[in-house]
Each structure stands twice: as structure tokens, then as C-alpha cells.
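Listed here are the chains, written in short residue letters.
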Protein chains: 2
Amino acid sequence: MPHLLIKDLPRYECLIEASKRFPELNPSACEAFLHLLRAGDEAFVAMERNLTAHNISHGRFGVLMLLAQNCDDCGGTGAMTPAELADQTRVTRATMTGLVDTLERDGFVSRTVDANDRRMMRVCLTPKAHAFLEKLLPGHFQLMASLMAPLSQTERKTLVTLLNKVIQNAATLNSSPAQSTAAGR
Amino acid sequence: MPHLLIKDLPRYECLIEASKRFPELNPSACEAFLHLLRAGDEAFVAMERNLTAHNISHGRFGVLMLLAQNCDDCGGTGAMTPAELADQTRVTRATMTGLVDTLERDGFVSRTVDANDRRMMRVCLTPKAHAFLEKLLPGHFQLMASLMAPLSQTERKTLVTLLNKVIQNAATLNSSPAQSTAAGR
DNA sequence: GGAAAACAGTTAGGCGCCTAACGGTTAGCT
DNA sequence: AGCTAACCGTTAGGCGCCTAACTGTTTTCC
């Protein structure tokens, strides 16, 4: 379930030591990177454990949340196409087909063909899904709260600010074509 | 490849709005949690993109790093049993079997049976693996550095401190049998 | 000495995600 | 009109990770 990630993060002195062999290794950057990876993984595992206890994968949960949000916020019908869902949840359309398949099988969503464009499908939440979320979400939110409990309000704000810088930076890095560093193969 | 995670993180006002319907939702905790998940995912994707460019998965990479570390630090032979590897990389022994299988197939590790206990195997890095790491690691470290570039030295320290609090807390939460209603700590 | 428990590693089967290729539908061009 | 390109959703096949059950080896304890 968890991402493979070395159990004991290396001590800072080891990073400094290693930086002598590898001049490209920036100890503070490496330390921050590894801690970020680890904390994110830990948070993910905690969340997924809670979800699997309710017999739902994080993938399917993401789809339900997205549909629910679309339903509540825009006051719309809550209907979205698979392509929209795939785009906003960052999975491929092929994966979304599988997710919607199982959600439909379990009675959480319904599929209908678009009246105007027969290529498109409309995916809608069922009442059963709304009831399911209503029962699941309180525990989900409590989990977030207890995970962030050791941080004060201002610490959380600081954390968000710092993470935002990383997110923005990573977004541009990840979208750039290729930043291959080593020359050739 | 990435964890499914909603593309646009909700605005803070939306969280406050949602907290009216769900009293368990703590807006600042939720915001910090989602940003952590996203930043960790972004970092993970960046790292894995770099690794797959060298035809290695993050799972196999973790095993190689662990073996290399064990070799360098302790001055030992660098030989570890699959059970040790599985324990320290946080995957099951069954998964480790598969990882070592492919690593052995590609000539990166060798398997030998322990002389004293014929139940055990000894997994060792080959010279080919050392050469491979020597070529791969500079780019790997550069990636970390460029990802953390927007943070100053002190900001990185702050980030590590905050993340450490979360990691410690999550470790106890994840190891506990079931999460309580969390009124404490 | 011999049965049973404990342990190490592997195999079998499942799930989620991916990429690549496929039929069905609409829009654009000549 | 008809041919083509673009698009939507789906299928097929692969990889990594999981759990559960299995094989083989050592230890334990009568």
C-alpha cells in the first residue's frame, strides 16, 4: 500500500558526508525532499487506511468527491463527462473508465449518453452515493484534524506557504519536456 | 503514475463553507493536509520521472540505495537478506521477492544462499549496479536541489521541523489499531 | 530421535494504474 | 455530398504492489 520509501531517513551528517562524494548533493535540499516524501506518504497511508475500511479506494473516492463538489458548488446537476473527471483527477481516461465501471457496479454513479453529442457520457451521483459520503466524510475530516493536531494554527499557515512554493515550482518542472542532466546515455 | 489527487485544491473559503455542514472539518488542518498530499505527490512524480528515464522503478531503486548504503556505511559486504530489505523499505517480503527477481535478471544483484542457515538468502550488489548508481545519482540529487530551489536554507529547516512533527504523529497514528475520536494530545 | 512450532522465501491471484490501439461520432474541408 | 481529421470512451496487455497460501529449513520440547 505505501510507496516504497526507506524506513529510517538518513541523518544530516550522513548527507554532508555523501555530498563530498557527490558534489551535486545539496544536503538541506535532500533532507527537505526526503522529509516531504515521507510525510506525504504517511498522510496518504493514513487516509487510504480509513478509506479501505469503508471498502472504497482512493481513486473511486476522488471521483465521488469531485462529482459531489460539482453538484454542490455550481448548483449544477453534478453530471460530468469521463474526460472531465480524468482531467481533474489527474488519471488517464482509460483509468477513469475502470473507476466509473466499479462505481456504477456498486450503484454509486449512473452513466447516460449525452443527448446532443452521442460520443459523450454523463456521469451522475446516485442518492446512495450521497448517503455514503455523508456517513464517510466526518471520519475522513477527523483523520485530517488528528493528523495535523501537533501543528498550531500559525505553523499550519507556515507549512502551507512553504509547500505552495514547492508545488508551484514542481508544477513547472514536471510540465517541462525534459530536464535531462547527464549528457547522453 | 501519480496518485489520484484532485487537480485544483479547494480555496480556503470553500473549506470554511464546508465546515458549516461538517463540524468535524477543521479548515486549517484540511488545508495543510491537502497541500502536504499534493506536494508529496508532486515530488514523487518528479523523482519517478527521472528514474523511469533510466529504466528503473522507484521500488528497485530503493533496494539498490539500501544495499549501497549498507555497503558504504558499515564497511560491510553489502549483503542483506530479503527480509531485512523488505522491512527497511516498507514493502512485504513477497514484493521484495519480485523486486530482487528483476534486479537479478538485469544483473544488478546476486543471490546466494546463506552458509549457516539454508533458509536465508544473501543479496549483494554487483559492480554493474555500483556503476549504474554512480551514473544515476548526480541527476537524482540535482533533481532534489532544483525542486527545493525556491526555499531558502532557513525555510528548509523550518519545513523539516514542521514535517517531522507530522511524521512522528502519523507514525503513532498509523501503528495504532484504530483511530480514536482524537480529542487529545 | 521425532513431531510440531517458528521462520525464510516463494508462488498464486487480485487491484489499481499505466500506455497503446481500437470502434463509434462529430466537425472540417474540397 | 464524401473523405478526412479530431475527438470520446473503451478494450487489451503490462507493471508494481498487496494478501494469503505454500515449500523448505531450523529450532523446540517431549
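Here the structure is shown first, and the text comes after it.
Computed from a predicted structure; not experimentally measured.

Peer 1: Can you help me understand the overall build of chain A in this one?
Peer 2: Within chain A, the regular secondary structure consists of 7 helices and 2 strands. Secondary structure elements in chain A, listed N-terminal to C-terminal, are α-α-α-α-α-β-β-α-α. In chain A, which comprises 185 residues, the proportion classed as buried is 48%. Contacts in chain A between residues at least 24 apart in sequence constitute 48% of all its contacts with a sequence separation of at least 6. As displayed, chain A has an accessible area near 9,100 Å², and 54% of this comes from carbon and sulfur atoms.

Peer 1: Any chance you could explain the interface of chain A and chain B here in plain terms?
Peer 2: How big an interface is tends to be stated in terms of accessible area lost as the parts join. Listed as interface residues are 84 residues of chain A and, on the opposing side, 85 residues of chain B. Across the chain A to chain B interface the summed buried area is about 8,600 Å²; carbon plus sulfur atoms make up 66%. It is L4, F33 and R90 of chain A that lose the most area in chain A upon contact with chain B, and together they represent 10% of the buried surface on that side. Connecting chain A to chain B are 11 salt bridges. Between D41 of chain B and R90 of chain A there is a salt bridge, and its shortest N-O distance comes to 3.4 Å. On inspection of chain A and its partner chain B, the count reaches 18 residue pairs in polar contact (both at pLDDT 80 or more). Mapped onto the side of chain A that touches chain B, the elements with two or more residues apiece are α1 (12-21), α2 (27-52), α3 (58-73), α4 (82-89), α6 (127-147) and α7 (153-175) of chain A. At 22 residues, the largest contribution of residues to the side of chain A that touches chain B is made by α2 of chain A. Classifying every residue of the side of chain A that touches chain B gives 45 nonpolar, 22 polar and 17 charged.

Peer 1: Is there a simple way to explain the packing of aromatic side chains in this structure?
Peer 2: Within a pair of aromatic rings, the relevant descriptors are the distance that separates the centres and the angle that separates the planes. Evaluated as defined, the whole model comprises 4 aromatic pairs over all chains. With centroids separated by 5.5 Å and ring planes inclined at 65°, the aromatic side chains of F141 of chain A and F22 of chain B adopt a geometry described as edge-to-face. Note that F141 of chain A is positioned in helix α6 and F22 of chain B in the loop between α1 (12-21) and α2 (27-53), a pairing that runs across two chains. With 4.9 Å between their ring centres and 35° between their planes, F108 of chain B and F132 of chain B make a pair best called tilted. Of this pair, F108 of chain B sits in the loop between α5 (93-105) and β1 (109-113) while F132 of chain B sits in helix α6 (residues 127-147); the two residues are 24 residues apart in sequence, bridging distant segments of the chain. Just above the ring of Y12 of chain B sits the side chain of K157 of chain A; from NZ or CZ to the centre is 4.1 Å.

Peer 1: Even after reading the chapter, I still don't get the pattern of salt bridges, so can you show me in this structure?
Peer 2: Side-chain pairing between opposite charges can occur once the charged atoms of the two side chains come close. Residues and elements named next belong to chain B. All chains considered together, the criterion is met by 27 salt bridges over all chains. Residue E13 pairs with R11 through a salt bridge whose shortest N-O separation is 3.1 Å. The exposure class assigned to R11 is exposed, which follows from its relative accessible area of 53%.

Peer 1: Sorry, what's going on with the environment of K135 of chain B here?
Peer 2: Here K135 of chain B shows up in helix α6. Each C-alpha atom, one on K135 of chain B and one on H54 of chain B, is 9.8 Å from the other, the two residues being 81 residues apart in sequence.

Peer 1: Would you take a moment to explain the environment of V160 of chain B for this structure?
Peer 2: Along the chain, V160 of chain B falls in helix α7 (residues 153-175). Once residues within four sequence positions are removed from consideration, V160 of chain B is found in contact with E31, A32 and H35 of chain A.

Peer 1: Please clarify how the relation of the copies chain A and chain B should be interpreted in this entry.
Peer 2: Related by rotation about an axis and a shift along that axis, the two copies of the chain form a pair. You can overlay chain A on chain B at an RMSD of 0.0 Å; the transform is a turn of 180° with a shift of 0.0 Å along its axis. One copy is carried onto the other by what is essentially a two-fold rotation axis. For chain A, the residue whose C-alpha comes nearest the rotation axis is G40 of chain A, separated from it by 2.3 Å.

Peer 1: Sorry, what's going on with α7 of chain B here?
Peer 2: A turn of α-helix holds 3.6 residues, and therefore any two residues three or four places apart point the same way. Spanning 23 residues, α7 of chain B covers 33 Å between terminal C-alpha atoms, matching the ideal 33 Å at 1.5 Å per step. For α7 of chain B, the full list of buried residues reads R156, L159, V160, L162, L163, V166, I167, N169, A170 and N174 of chain B.

Peer 1: Sorry if this is basic, but what is going on with the side chain of E155 of chain A here?
Peer 2: Structurally, E155 of chain A is set in helix α7. Using a relative accessible area of 19% as the deciding quantity, one classes E155 of chain A as buried.

Peer 1: Help me understand α2 of chain B, please; the structure alone is not making it clear to me.
Peer 2: Residue and element names in this part refer to chain B. A rise of 1.5 Å per residue sets the reference length of α2, with its 27 residues, at 39 Å; its end C-alpha atoms lie 39 Å apart and thus fit the reference within 8%. Counted residue by residue, α2 has 24 buried out of 27 residues, so it is predominantly covered. The N-capping residue of α2, defined by a side-chain oxygen 3.1 Å from the backbone nitrogen of S28, is N26. Just beyond α2, the residue with positive phi is N55, at close to 60°.

Peer 1: Help me understand the packing of α2 of chain A against α6 of chain B, please; the structure alone is not making it clear to me.
Peer 2: When two helices pack together, their arrangement is given by the angle between the helix axes and the distance between those axes. Running from amino to carboxyl end, α2 of chain A crosses α6 of chain B at an angle of 85°, the nearest separation of the two axes being 8 Å. One finds that α2 of chain A runs roughly perpendicular with respect to α6 of chain B. On the side of α2 of chain A, the interface is formed by A29, C30, F33 and L34 of chain A, while α6 of chain B contributes M144, A145 and L147 of chain B. For the contact of α2 of chain A with α6 of chain B, the class distribution of residues is 7 nonpolar, no polar and no charged.

Basis of the calculations
Residues numbered from 1 in each chain as written. Chains lettered and ligands numbered in written order. Predicted model: local features only at pLDDT ≥ 70, side-chain atom pairs only at ≥ 80, totals over all residues. Heavy atoms only, no water. Helix = DSSP H or I, 4+ residues; strand = E, 2+ residues; numbered from the N terminus. Buried < 20%, exposed > 50% of the residue type's maximum accessible area, 1.4 Å probe, protein only. Contact = heavy atoms within 4.5 Å. Areas by Shrake-Rupley, 256 points an atom, 1.4 Å probe, with all protein chains shown as cover. Buried area = accessible area lost by both parts, 1.4 Å probe. Salt bridge = Lys/Arg side-chain N within 4 Å of Asp/Glu carboxyl O. Polar contact = N/O pair within 3.5 Å; in protein donor to acceptor, adjacent residues only side chain to side chain. Nonpolar A, V, L, I, M, F, W, Y, C, P; charged D, E, K, R; others polar. Phe/Tyr/Trp six-rings, centres within 6.5 Å; stacked < 30°, edge-to-face > 60°. Lys NZ or Arg CZ within 6 Å of the ring centre and 35° of its normal. Least-squares fit on C-alpha atoms with pLDDT ≥ 70 in both. Expected span 1.5 Å × (residues − 1). Axes fitted to C-alpha atoms, helices over the stretch in contact; angles between N-to-C directions. Parallel < 35°, antiparallel > 145°, perpendicular 65-115°, else oblique.

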